[in-house]
Amino acid sequence: MKGRVFIANAGLSEHSILKILPEVNIALSNPKSSFYPNYLEQDGKNGQTSKFKTYNTGGLVRGFKRYPVKKNVIDNQGTGDMATIFKPLDKGSQFNCKIRFHNLRPVEIGALLSSLTFHKTDIDLMHSIGMGKSLGYGAIKININGVFNLKYSENEYFKSFEKEMRLKDNSWGNDRFIKELILMSKFQSKDVEDQLAYPKLENFQEYKNKGYYLQSYSEITKTEIGIKNLISNHDMKSAIDIKNADKIKSEKLRFDWEEKLKGLNENQSESSLENLISECPYQDLKVGIYLCSSKFTKSKNILNNDVQIALNTNTFEGYKLFLNKHKESIYNAEIRSNIKSLKATELSLSDLGFNKYYFEDIKNKLKEFLK
């Protein structure tokens, strides 16, 4: 959808009062992807393992990085060069903006709506924006006030996207990454939030020595939440049956065309080959039909003849003429390589004080001598 979706600047809602909180001074660290206990999947129990998986032992990256939203911000004072200073907004501030788009298919409109609302999940879930997300700043909730100038209802677009996802994986809404995203977007109890401490620099080596690794958020919260399906299982089964029937039909059509073209040869009439090319729905099979045509044989002979002439003359002019005539061919790489060699030779001889007129003179003298 890149380049087809435009998000306008958000302005303060007329029903909201902007309240800017006092300036805060915090330390925001850079990601430390080299700390594999957090960034790679580990095998263990209760956040502890006897042997770490590392980048050198085939460890798998855990997924996309995301900070859990928090009700209360963490105080992580910055000093000197480590200090980041900004003025946060108070909770409850409301902003409005418009999202415009063009040339989106229904499934893409549904994907856009789903990403903004966590697929219409009926619990309070928050997005995270801006700086200080790891400390609890930047949690926002997005509500859709209306969908305008579209052909279908908002719900139909949601269902179009869900159908596409569930046709690929019917358990899409309960995928482990989806569940982790939902949990991290939901405010948790104080007991859970108290576990989300910012590690100190001196702690990292201790964690490694004791085999500690970062657990998944579902393990920390001891809960799981998936996405609620908007399409009933009965309707989804019908959609899957239709897809399977279409797949069988498509595979049979492909098989029939492959069988039909098995007997093709160069003795086929040109008109029958042209009819097959226009009727065949498969681009790769059309290529096979064309290879049997006299047009291909003729063009192949012309190409082979032209490349032979170019190689025999071995001049810039000859190679340029070939490349202009045959924009794409199997010989173009070889021709360009020969041009580079000619340029290199010309440059080398020029450095020695020779030029083409020098060789022309020698050639003429040799002719005179042979006479």
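Please read these numbers as outputs of a predicted model, since none were measured by experiment. In this numbering scheme, every chain counts its residues from 1 along its sequence in written order. Given that this is a predicted model, residues contribute local features only at a pLDDT of at least 70 and side-chain atom pairs are listed and counted only at 80 or more, while totals for whole chains, interfaces and linings are drawn from all residues. To obtain the side-chain values, all non-hydrogen atoms of the structure were used and water was disregarded.

Trainee: I keep staring at the overall build of the chain and nothing clicks. Help me out?
Mentor: Helix and strand counts for the chain stand at 14 helices and eight strands. Think of it in three bands: residues with accessible area under 20% of the maximum for their type are buried, residues over 50% are exposed, and the middle band is partly exposed, with areas taken using a 1.4 Å probe on protein chains only. In the chain, buried positions account for 27% of the 371 residues. Considering only contacts within the chain whose residues lie at least 6 apart along the sequence, 72% involve residues at least 24 apart. Element-wise, carbon and sulfur atoms account for 54% of the exposed surface of the chain, whose accessible area totals about 26300 Å². Put simply, DSSP H or I for four residues or longer makes a helix, DSSP E for two residues or longer makes a strand, and each gets a number counted from the N terminus. Whether two residues are in contact is decided by their heavy atoms: any pair within 4.5 Å suffices. For accessible areas, the Shrake-Rupley method is used with a probe of radius 1.4 Å. Any residue's cover is judged against the shown protein chains and nothing else.

Trainee: I keep staring at the pattern of salt bridges and nothing clicks. Help me out?
Mentor: Pairing between side chains of opposite charge can happen when their charged atoms approach one another. Salt bridge, as used here: a side-chain nitrogen of Lys or Arg that lies within 4 Å of a carboxyl oxygen of Asp or Glu. All told, the structure shown has 15 salt bridges when counted by the stated rule. Here Asp-124 ties to Lys-141 by a salt bridge, and the two come within 3.7 Å at their closest N and O atoms. Placement of Asp-124 in the loop between helix H2 (106-117) and strand E7 (127-128) and of Lys-141 in the loop between strand E8 (139-140) and helix H3 (154-168) is noted, with a sequence separation of 17 residues between them. Given the relative accessible area of 54%, Asp-124 is considered exposed. You can call Lys-141 partly exposed: its relative accessible area is 38%. For the salt bridge of Lys-210 with Glu-206, the shortest nitrogen-to-oxygen distance reads 3.2 Å. Placement of the pair is Lys-210 and Glu-206 together in helix H6 (residues 203-210), with a separation of four residues, close to one helical turn. The class of Glu-206 is partly exposed, set by a relative accessible area of 34%.

Trainee: Please clarify how unusual backbone geometry should be interpreted in this entry.
Mentor: The backbone of Asn-149 shows a phi angle near 60°, a positive value even though the residue is not glycine. With respect to the helices and strands, Asn-149 occurs in the loop between E8 and H3. Given the relative accessible area of 82%, Asn-149 is considered exposed.

Trainee: Would you explain the packing of aromatic side chains in this entry?
Mentor: Any two aromatic rings considered together are summarised by their centre-to-centre distance and by the angle between their planes. The criterion for an aromatic pair is that two Phe, Tyr or Trp rings (for Trp, the six-membered ring) have centres within 6.5 Å, with stacked assigned to planes under 30 degrees apart, edge-to-face to planes over 60 apart and tilted to the rest. Throughout the structure, instances matching the rule amount to six aromatic pairs. Their ring planes at 80° and their centres at 5.2 Å tell us that Phe-86 and Tyr-137 sit as a pair that is edge-to-face. Highlighted residues: Phe-86 in strand E4 (residues 83-86) and Tyr-137 in the loop between E7 and E8, separated in sequence by 51 residues. Of the residues examined, Tyr-137 reaches a relative accessible area of 15% and is grouped as buried. With a centroid separation of 6.1 Å and an interplanar angle of 55°, the aromatic rings of Tyr-207 and Tyr-212 are classed as tilted. The partly exposed category is assigned to Tyr-207, whose relative accessible area is 28%.

Trainee: Teacher, can you tell me more about H3 here?
Mentor: An α-helix turns once per 3.6 residues; consequently, residues spaced three or four apart project the same way. In a regular helix each residue adds 1.5 Å, so 15 residues correspond to 21 Å; H3 covers 22 Å between its end C-alpha atoms and thus fits that length. Of the positions making up H3, those classed as buried are Tyr-157, Phe-158, Phe-161, Glu-162 and Arg-166. Buried residues along H3 cover an arc of 165° about the axis, so they all sit on one side. In a helix, the anticipated span is given by 1.5 Å times the number of residues less one. Throughout, the arc means the angular range of directions from the helix axis out to the C-beta atoms.

Trainee: Even after reading the chapter, I still don't get a nonpolar patch on the surface, so can you show me in this structure?
Mentor: On the surface, a nonpolar cluster with roughly 430 Å² of combined accessible area is contributed by Leu-12, Leu-18, Ile-20, Leu-89 and Phe-95. Turning to its location among the elements, Ile-20 is positioned in the loop between strand E2 (11-12) and strand E3 (24-27). The patch calculation keeps residues exceeding 30% relative accessible area without a salt bridge and links them within 9 Å when they carry like charges or within 5 Å when they are nonpolar (Val, Leu, Ile, Met, Phe, Trp, Tyr).

Trainee: Explain the side chain of Lys-179 to me, please; I cannot follow it from the model alone.
Mentor: Note that Lys-179 resides in helix H4 (residues 176-184). Setting aside its immediate chain neighbours within four residues, Lys-179 contacts Asn-174, Glu-224, Ile-225 and Gly-226.

Trainee: Where do I start with the confidence of the model for the chain in this structure?
Mentor: Close reading of the predicted structure is inappropriate where its pLDDT is low. Predicted confidence across the chain gives a mean pLDDT of 85, with 89% of residues reaching 70 or more. Averaged pLDDT values for the elements of the chain fall to 61 in helix H14 (residues 356-370) and rise to 95 in H2. Per residue, pLDDT measures the predictor's confidence, with a range of 0 to 100.

Trainee: Whenever I open this one, the packing of H2 against H3 confuses me. Can you help?
Mentor: Axes are the key here: two packed helices are described by the angle between their axes and the distance separating the axes. Between H2 and H3, the least distance of the axes is 7 Å, while the angle of their chain directions is 100°. When the axis of H2 is compared with that of H3, the two are roughly perpendicular. Touching Pro-106, Val-107, Ile-109, Gly-110, Ala-111, Leu-113, Ser-114 and Thr-117 of H2 are Glu-154, Tyr-157, Phe-158, Ser-160, Phe-161 and Glu-164, all from H3. Three classes are used: nonpolar for Ala, Val, Leu, Ile, Met, Phe, Trp, Tyr, Cys and Pro, charged for Asp, Glu, Lys and Arg, and polar for all others, with Gly counted as polar. In terms of residue class, the contact of H2 with H3 is made up of eight nonpolar, four polar and two charged. The convention used is that axes are lines fitted to C-alpha atoms, helices contributing only their stretch in contact, and that angles between N-to-C directions extend from 0 to 180 degrees. Orientation categories follow fixed angle ranges, with anything under 35 degrees roughly parallel, anything over 145 roughly antiparallel, 65 to 115 roughly perpendicular, and all other angles oblique.

Trainee: What exactly am I supposed to notice about the environment of Leu-181 here?
Mentor: Take Leu-181: it is sitting in helix H4. Note: C-alpha distance between Leu-181 and Ile-225 (44 residues apart in sequence) is 9.2 Å. Residues in contact with Leu-181, not counting those within four places in the same chain, are Arg-66 and Phe-118.

Trainee: Hey, could you run me through the environment of Lys-71 in this one?
Mentor: Relative to the assigned elements, Lys-71 resides in the loop between helix H1 (36-39) and E4. You can call Lys-71 exposed: its relative accessible area is 57%. As a C-alpha pair, Lys-71 and Phe-187 span 116 residues in sequence and 6.2 Å in three-dimensional space. Those residues in contact with Lys-71 that lie beyond four places of it in its chain are Phe-187, Gln-188 and Glu-193.

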